[in-house]
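# Commentary on secondary and tertiary structure
The residues making up each chain are set out below.
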Amino acid sequence: MNTQQPVPSELTRRSFLKTTSTLAAAASLAPGVFASVNDTLKIALIGCGGRGSGAASQALSTAGPVKLVAMADAFKDRLDGGYNNLKAKHADRVDVPEENKFVGFDAYQHAIALADVVILATPPGFRPSHFEEAVRQGKHIFMEKPVAVDGPGVRKVLAAAEEAKKKNLKVGVGLQRRHQKPYLETIQRLHDGAIGDIVAMRCYWNGSGVWVRSRKELEQKLGRAPTEMEYQMFNWYYFVWLCGDHIVEQHIHNLDVINWVKQAHPVKAWGMGGREVRRGIDNGEIFDHHYVEFEYPDGSRLSSQCRHIEGCWDSVSEHVQGVKGRCDVSNYRIEGENKWGLKGDHGKDPYQQEHDDLFAAIRNDTPYAETADYGAYSTMTAVLGRMATYGGKEVSWDEALNSPLDTFPKVLGWDAQTPTAPDANGRYPIAVPGKTKSF
Amino acid sequence: MSLLKCCLLGAFASGFVFAGGAAAKPVDFVTDVKPIFELNCLTCHNPQHAQDNGKYRLDTKEEAFKPHKKDQRIVPGHPEESEVYALTVLPLTDENHMPPAKLKKAPLTKEQSETLRQWIAEGAAWPEGVTLKVVMKVDFARDVEPLLERGGPLSDPARETLRLWLAQGANWPAEVSFPSAKAAAGAPSVPAGPVDFARDVEPIFARGAPLSEQARATLSHWVEQGAVWPAEVKLGPAKGGAQAREMDLVEQIHRDIVAASKERAEADMKPYTNTIPGTEVTYAMLPIPGGEFLMGSPAAEAKRNEDEGPQHRVKIEPFWMEQCVVTWNEYELFMYPEDKAPAPADGTTNYTSATADAVTRPTKPYVEMSFGMGKDGYPAISMTQHAASIYCQWLSAKTGHFYRLPTEAEWEYACRAGATTAYFFGDDPAQLGQYAWFGDNSDYKYQKVGRKKPNPWGLYDILGNVDEWTLDQYDPNYYKQLTGTVTEPWNKSTKPYPQVVRGGSWQDDPDKLRAACRRGSSSDWKMQDPQLPKSIWFMTDAQFLGFRIIRPLKVPAAEEMFKYWHSGVEKE
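Heads up: these notes are all about the structure in this document. Here the residue index of a chain counts from 1 through its sequence in written order. Note on labels: chains are lettered from A, ligands numbered from 1, in written order. Totals for whole chains, interfaces and linings use every residue, but because this is a predicted model, local features are given only for residues with pLDDT of at least 70 and side-chain atom pairs only at 80 or more, for both listing and counting. For side-chain calculations, the full set of non-hydrogen atoms in the structure is used, while hydrogens and water are omitted.

## Regarding the overall build of chain A
Quick note on the threshold: Elements are defined by DSSP. Helices are runs of H or I of four residues or more, strands are runs of E of two residues or more, and each kind is numbered from the N terminus. A simple rule labels every residue: compare its accessible area, found with a 1.4 Å probe on the protein chains alone, to the largest value its type can have, and call it buried under 20%, exposed over 50%, or partly exposed in between. By definition in these notes, contact holds between two residues if any of their heavy atoms fall within 4.5 Å. All accessible areas in this document rest on Shrake-Rupley with a 1.4 Å probe, and a residue is counted as covered only by the protein chains that are shown.
Looking only at helices and strands, chain A features 15 helices and 15 strands. The 439 residues of chain A split such that 60% are buried. Long-range pairs, those at least 24 residues apart, make up 76% of the contacts in chain A with a sequence separation of at least 6. By element, 51% of the accessible surface of chain A is carried by carbon and sulfur atoms, the whole surface being about 16,800 Å².

Okay, structure coming up:
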């Protein structure tokens, strides 16, 4: 296990870097690293949980030589678990010696330094700073959605995304529906006018919720009482600064589809939400349901529901109404004068496809900037929704994006103060619509 | 329950320690002898299993004293002539020793044998009306430790287990402890009034072995007062090999099933509707008569595939089959154990059973698993074969019936219901719409179960709607390897893919719904699972796949149950 060394702010050149004078000159203008079809791309994984390991596995399954060379995680057991799973699946493409495994809050900097392509898959609260650092170090990037959890975070990501463009870095975002053949085909038809102007939209992520990791469980793992920071990091889904609430962490997928269909992001939102059943001692501070109306620049509105309550009506889907028909986007069906339904080939696994596309762009040096194109905006859309439900007031896009409310801790460290802390009964302050200042 | 309560209270009132029952005072049948029989003898010498065990039953007085050939098993006043005692003191190497060492049964302790001797010597009094039943022998590691580890409000069966454990001596191995800050404080004295969990009980569990008399008394008061266990309190992590623990669990479920099963012969088999305990959810089971049939399709069948032949004769034992495929109503009870039926705050009633609770459950899916196609009354879908099998184990533990997936042969036999044609109603796909949901009439999604006509044996949606899991590994050449009439063929799995699914689905063309049509599962069916490792519970891309359960008339041995429920090949 590596103890951390200072990270060079300038790139060290890698052996596969093209060495002709023209390319060297180009590289000095735009420090993005170009790999030809036959060059081995070195990958670093930042955040080694199930999804991070899955993303690394997909990156390691792309065409052309690739190698996982470094890993970073806040928790050593997560890192080891991810390493073992990846090694079992891709023995010859995983080459991470002990000194390239980094643990702790600044582990990411060191892992990023060793790679050509970095995968950012920690809890989303860390994404802005990790993305910023990866851009600073001039790396190509695959970043999981959401790319931030608040206004300052999205602003940081947007700035870094501009910088990435200037450096000609390729950036993919884990909104895999954008790479899913049936979605691409359906939305192309909508853009081609299959149902005319789209005047009303609906989308849902109503399901039963996700895992809970209890303080007791962590205490047993550690053999002592965890610090508050350890606990929040362990049970990260339930804390806004780490997760953004489920409207940001999950529902972003559906909101992104609507933004994609509309080729725009909302300008305003109103919403309501709360926690009806999510009241356990390890349920932190997030809501279990949100309902938001978003207004788009053309005046059309999106109603969006997301819920984490078992035993209710469930749906994860997107639907749009046009003047000439309607479309069940997620079911790939159009009703109306241009009636259509997808039959047959559903295409490749979109999680694999998104990596295939990113790595092809890296190897062929084609423009690729998903964060700047839509990743940051769809994240902001979801954050706007949360601001509307937490505060209960009308929130404009600009107010939300320019919000000074920074959820991130002032200092990182296992003993550092967390942005929110439990009271004597282990309960956290919960947003109260009408009272809470949410942006 | 009241019997157990009496037993327990009696035990503490008299300072009785189970293993030390031999005493100078007269032996009492109910408190001294009955527990020995129930724990050590009844597992074999019960009405269901007596046939294989010397035709001797020890559950009623009449049976116990019935002469056998020339011998009496119990000769009042003459222990040496009574096999019930004499066989327990034979050398362990003697093949007639009871309980049989070859079945890995522990011998009776000297004190237990002495109790039996004394009881017979004193005249072998067996009060009228006292009947014996199989009582679980509580094993700390298997039965008690998981309860303590899990913590939370204890179910009735869990409390019963604790009662039995206390009654049986509350053995706590010295090496097992649950480290906790509270341990240091030690257990206070036995509370006179209401037991407080945090003050009185938790320190005892925290300290672990061995339990003092005082600690046992405290625990017994606590159990009597409802064994309230605050939901957030959990003790140590699980210990021991997962496989061994799982086998122990299966053995426990097996014992419960053996004790509960009533039907002996095919004539006893009736259709029944069962309510899943503690819920309002029901499922209906239909008897499928045993018999022989010709499996596979004839070479001349339209749209037939090569893997459907050659046709071969198969003999099938009788079983019940679920009338409809398992719905979300049923399956979600298994998916979401805690939340569906929260235990009342006082911990007094709870629908769960200790064994069903101990069955592993699926991890929470990240995506919404009905994919918007509806839940109430609709087929459960997108589960792995492993998940479907563990559902069967869970339901078995809950109900005391042995449920499992059908083999491929059992499925085709039940589907055909005697027919030799492509479909159970004939060969004409034009009629299919009366019986099945498939590509042409399903409106791109699955439909509520039981809305089309059933097959001649009453099974709904056996064709179409959703494909159904079977137990077999898919091998296109499997039928070629079978000769003569095969009884209950089962091509056991050795690898994760492909496994056989049958019946066709809402997505399919009519030829895929033919009774003989076979399909193998594929790793593509987990394609959209973004995690590494991928889930062993969900097949995110198999939105056309469900299952229905069967219950064989003959209850198999625990080892076989284990094999039916744990193929061991569910991995990526």
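Continuing now.
## Quick look at the side chain of Arg213(A)
Residues and elements named next belong to chain A. Just so we agree on the cut-off: Under the convention used here, Asp and Glu are negative, Lys and Arg are positive, and both His and the chain ends fall outside the count. Put simply, a salt bridge is a Lys or Arg side-chain nitrogen that is within 4 Å of an Asp or Glu carboxyl oxygen.
Among the structural elements, Arg-213 can be located in the loop between strand 7 (198–207) and helix 8 (215–222). For the buried Arg-213, which has no salt bridge, the nearest side chain bearing the opposite charge is Glu-217, at an N-O separation of 5.9 Å. Residues within four places of Arg-213 in sequence aside, it is in contact with Arg-78, Tyr-231, Phe-234, Asn-235, Trp-236 and Asp-282.

## Re the interface of chain B and chain A
By a widespread convention, an interface's size corresponds to the accessible area lost as its parts come together. Rule in force here: Accessible area that two parts lose when put together, with a 1.4 Å probe and added across both, is what the buried area reports. N or O atoms within 3.5 Å of each other form a polar contact, as long as, within protein, one can give a hydrogen and the other can take it, and as long as residues adjacent in sequence are counted only when both atoms are side-chain atoms. Side-chain classes follow a simple rule in which Ala, Val, Leu, Ile, Met, Phe, Trp, Tyr, Cys and Pro form the nonpolar group, Asp, Glu, Lys and Arg form the charged group, and the remainder, Gly included, forms the polar group.
Listed as interface residues are 23 residues of chain B and, on the opposing side, 35 residues of chain A. Together, the buried faces of chain B and chain A total about 2,400 Å²; carbon and sulfur atoms form 51% of this surface. Our count for the contact surface shared by chain B and chain A stands at three salt bridges. Ionic pairing is found between Lys375(B) and Asp314(A), a salt bridge with its closest N-O pair at 2.6 Å. Run the count over chain B and chain A and you get 11 residue pairs in polar contact (both at pLDDT 80 or more). Tallied by class, residues from the side of chain B that touches chain A come to 10 nonpolar, four polar and nine charged.

## Notes on the pairing of strand 11 (residues 315–322) of chain A
Residues and elements named next belong to chain A. This is how the line gets drawn: Paired strands, in this sense, are two strands between which DSSP finds at least two bridges.
The element strand 11 is extensively covered by neighbouring structure, given that seven of its eight residues are classed as buried. By the bridge criterion, eight bridges tie strand 7 to strand 11 in an arrangement that is antiparallel. By the bridge assignment, Met-201 is partnered in strand 11 with Val-320.

## Describing the pattern of salt bridges
Scanning the entire structure with this criterion turns up 45 salt bridges over all chains. Asp298(A) is paired through a salt bridge with Lys262(A); the nearest N and O atoms lie 2.6 Å apart. Highlighted residues: Asp298(A) in the loop between strand 9 (289–295) and strand 10 (301–308) and Lys262(A) in helix 12 (residues 252–262), separated in sequence by 36 residues. Of the charged contacts in the structure, one is a salt bridge between Asp443(B) and Arg333(A), with a shortest N-O distance of 3.3 Å. Taken together, the positions of Asp443(B) in the loop between helix 16 (432–435) and strand 8 (467–473) and Arg333(A) in strand 13 (residues 333–336) put the pair across two chains. On the accessibility criterion, Asp443(B) (47% relative accessible area) is partly exposed. Judged by its relative accessible area of 14%, Arg333(A) is buried. Taken together, the shared-partner salt bridges connect Glu408(B), Glu412(B), Arg416(B), Arg502(B) and Arg518(B) into one network.

## Thoughts on the side chain of Gln393(B)
All names here are of chain B. Here Gln-393 is to be found in helix 14 (residues 385–399). By relative accessible area, which is 0% here, Gln-393 ends up buried. Once residues within four sequence positions are removed from consideration, Gln-393 is found in contact with Glu-246, Leu-249, Val-250, Ile-253, Val-359, Trp-565 and His-566.

## Thoughts on the environment of Glu412(B)
Residues and elements named next belong to chain B. Inspection of the secondary structure puts Glu-412 in helix 15 (residues 408–416). For Glu-412, a relative accessible area of 0% translates into the label buried. Separated by 103 residues in the primary sequence, Glu-412 and Ala-515 have C-alpha atoms spaced 6.2 Å apart. The contact partners of Glu-412, leaving out residues within four places of it in the chain, are Phe-293, Leu-294, Met-295, Gly-296, Tyr-479, Arg-502, Ala-515 and Ala-516. A distance of 2.7 Å separates a polar atom in the side chain of Glu-412 from a polar atom in the side chain of Arg-502.

## Concerning the sheet that holds strand 8 of chain B
Residues and elements named next belong to chain B. Just so we agree on the cut-off: Interaxial angle, 0 to 180 degrees, is taken between N-to-C directions of lines fitted to C-alpha atoms, where a helix line uses only the stretch in contact.
What the four strands build is an open sheet, ordered 11-10-8-12; its pairing is mixed. Each having just a single partner strand, strand 11 (518–520) and strand 12 (545–546) make up the two edges of the open sheet. With three bridges joining them, strand 10 (residues 499–502) and strand 11 adopt antiparallel strand pairing. Bridge pairing links Val-501 to Arg-519 in strand 11. Against the sheet, helix 14 engages strand 8 and strand 10, with an angle of about 90 degrees to strand 8.

## Considerations on the sheet that holds strand 6 (residues 171–173) of chain A
Residue and element names in this part refer to chain A. If you walk across this open sheet you meet the six strands as 3-2-1-4-5-6, and the pairing is parallel. Taken across any chain shown, the strands that pair with only one partner, and hence form the sheet edges, are strand 3 (101–103) and strand 6. Within this sheet the neighbouring strands show an average axis-to-axis angle of 15 degrees, counted without direction. Alignment of strand 5 (residues 140–143) against strand 6, held across three bridges, turns out to be parallel. Paired with Met-143 across the strands is Val-173, a residue of strand 6. This element, helix 3 (residues 76–89), spans strand 1 (41–46), strand 2 (66–73) and strand 3 of the sheet and lies at about 160 degrees to strand 2.

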